[in-house]
Amino acid sequence: MTTAPTELRTIGILGAGRVGTAVARQALKAGYEVKIATAKSASEISLIVEIITPGAIAVDAAEAASADLVVIAVPLHKYRTLDPELLAGLTAIDVMNYWAPIDGELDDFEGDPRTSSEIIQAYLPETRIVKSLNHIGYHDLEEDGREPGSPDRRALALASDDEEAKALVAGFIDRLGYDAVDAGPLSAGRAYQPGTEIFASAHNAEQMRALLEAAKQPAPS
Ligand SMILES: NC(=O)c1ccc[n+]([C@@H]2O[C@H](COP(=O)([O-])OP(=O)(O)OC[C@H]3O[C@@H](n4cnc5c(N)ncnc54)[C@H](OP(=O)(O)O)[C@@H]3O)[C@@H](O)[C@H]2O)c1
């Protein structure tokens, strides 16, 4: 696998729904070049992208995959429509959640002891998957960002089996206006999946570290 780029300039977003467009606007505010793609062609989405995310460029998925960092913001049940070859060698943030009470049960995830991101990593073996941005609502993402050092700055967790990818995404999270807190390997993302305290509300970095630490302890019998 090639190494992750150390400098981030372009963000490719797969998905122009609620989360994809919120990430796009926040990334544009932070000064990144943003390319956004759906399963449709660039020409089919160019007008809507211009209206909803002014400044972002509507592209085909292949061009989004030429960015320095990719954000996967498609509905989880559509993950098999992602092309593993296209995403090979890239660092990608998996913002997707398996939330059966809301989205319904999915055979690929129900009963599998792995986190949804570990299942995505297995489907995209040549992509460096970083689990993050899944535990902040799309509205909040654009409202809660703060300058570094602000007393009310919110923290976001990130987990990956690739340290370089994690460092790249930590820088991105910081530029979006959040303290990035390293949760550990991809499996540690279990601590902020739907149903957890981290998923349910906002936390600063100190609180986030404490919650991630507590999640490592075995549950009392
Ligand atoms: N809603 C939240 O606040 C929130 C917060 C954090 C995480 N999440 C998670 O983020 C994910 C996306 O949620 P959402 O609410 O943004 O969904 P959404 O509004 O339904 O948008 C999904 C987007 O993905 C596109 N898409 C589908 N297949 C694609 C593919 N193969 N390549 C590129 N784009 C594709 C769809 O476009 P076309 O079908 O037209 O191509 C659509 O633009 C979910 O897993 C959700 O659990 C949601």
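Scroll up a little and you will see the structure.
Keep in mind that what you see is a predicted model, and the values were worked out from it rather than measured.

A tally of regular secondary structure across the protein gives nine helices and eight strands. Taking 221 residues into account, the globule formula puts the C-alpha radius of gyration at 17 Å, and the protein, at 16 Å, falls close to it. Considered along the principal axes of its C-alpha atoms, the protein spans approximately 55 × 40 × 35 Å. Restricting the contact set of the protein to residue pairs at least 6 apart, pairs at least 24 apart contribute 66%.

Let us look at the site of the ligand. Near the ligand there are 26 residues, and of these Gly15, Gly17, Thr38, Ala39 and Met96 occur at the shortest range. Sort the elements by how many residues they give to the shell around the ligand and helix 1 (residues 18-29) lands first, with three residues. Across the shell around the ligand, the residue classes break down as 15 nonpolar, eight polar and three charged.

Here we come to the sheet that holds strand 4 (residues 69-72). Pairing is mixed in the open sheet, where eight strands are placed in the order 3-2-1-4-5-6-7-8. Here the strands that pair on one side only, and so sit at the sheet edges, are strand 3 (57-58) and strand 8 (179-184). Across five bridges, the pairing between strand 7 (residues 155-160) and strand 8 is parallel. What sits directly across from Ala157, in strand 8, is Val181. Along the sheet, helix 1 contacts strand 1 (10-14), strand 2 (33-37) and strand 4; its crossing angle with strand 2, the most-contacted strand, is approximately 165°.

Our next topic: the environment of Ala180. Tracing the backbone shows Ala180 in strand 8. Between the C-alpha atoms of Ala180 and Ile48, which are 132 residues apart in sequence, the distance is 31 Å. Every residue in contact with Ala180, bar those within four places of it in the chain, is listed here: Leu156, Leu158, Ala170, Ile173 and Asp174.

Here we take up unusual backbone geometry. Comment: phi is negative for the bulk of residues other than glycine, and the bulk of peptide bonds are trans. Notably, Leu133 is not glycine yet its phi reads approximately 60°, a positive angle. Looking at where Leu133 falls in the secondary structure, it is placed in the loop between strand 6 (128-131) and helix 6 (138-143).

With that settled, the discussion passes to the environment of Ala157. Turning to its location among the elements, Ala157 is positioned in strand 7. A count of 31 C-beta atoms within 10 Å places Ala157 in the buried class. Sequence separation between Ala157 and Ser117 is 40 residues; the distance between their C-alpha atoms is 14 Å. The contact partners of Ala157, leaving out residues within four places of it in the chain, are Ser132, His135, Val181, Ala183, Tyr192, Ile198, Met208 and Leu212.

It is worth spelling out the pairing of strand 5 (residues 91-94) at this point. Of the two faces of strand 5, both are covered, the one formed by Thr91 and Ile93 as well as the one formed by Ala92 and Asp94. Judged from the three bridges that link them, strand 4 and strand 5 form a sheet pairing that is parallel. Bridged to Val70 within strand 5 is Ala92. Where strand 5 meets strand 6, four bridges bridge the pair, whose relative direction is parallel. Bridge pairing links Ala92 to Ile129 in strand 6.

Moving on: helix 1. The end-to-end C-alpha distance of helix 1, which contains 12 residues, comes to 17 Å, matching closely the 16 Å that a straight helix rising 1.5 Å per residue would cover. Restricting attention to buried positions, one finds in helix 1 the residues Val19, Gly20, Thr21, Ala22, Val23, Ala24, Gln26 and Ala27. Residues of helix 1 that are buried make contact with strand 1, strand 2, helix 2 (42-52), strand 4, helix 6 and helix 7 (163-176). Looking one or two places after helix 1, you find Gly31, whose phi comes out positive at around 100°.

The rules behind each value
- Residues numbered from 1 in each chain as written.
- Predicted model: local features only at pLDDT ≥ 70, side-chain atom pairs only at ≥ 80, totals over all residues.
- Helix = DSSP H or I, 4+ residues; strand = E, 2+ residues; numbered from the N terminus.
- Rg over C-alpha atoms; globule rule 2.2 N^0.38 Å.
- Contact = placed C-beta atoms within 7 Å.
- Near = placed C-beta within 6 Å.
- Nonpolar A, V, L, I, M, F, W, Y, C, P; charged D, E, K, R; others polar.
- Pairing = 2+ DSSP bridges.
- Axes fitted to C-alpha atoms, helices over the stretch in contact; angles between N-to-C directions.
- Buried ≥ 20, exposed ≤ 12 C-beta atoms within 10 Å, placed from the backbone.
- Expected span 1.5 Å × (residues − 1).

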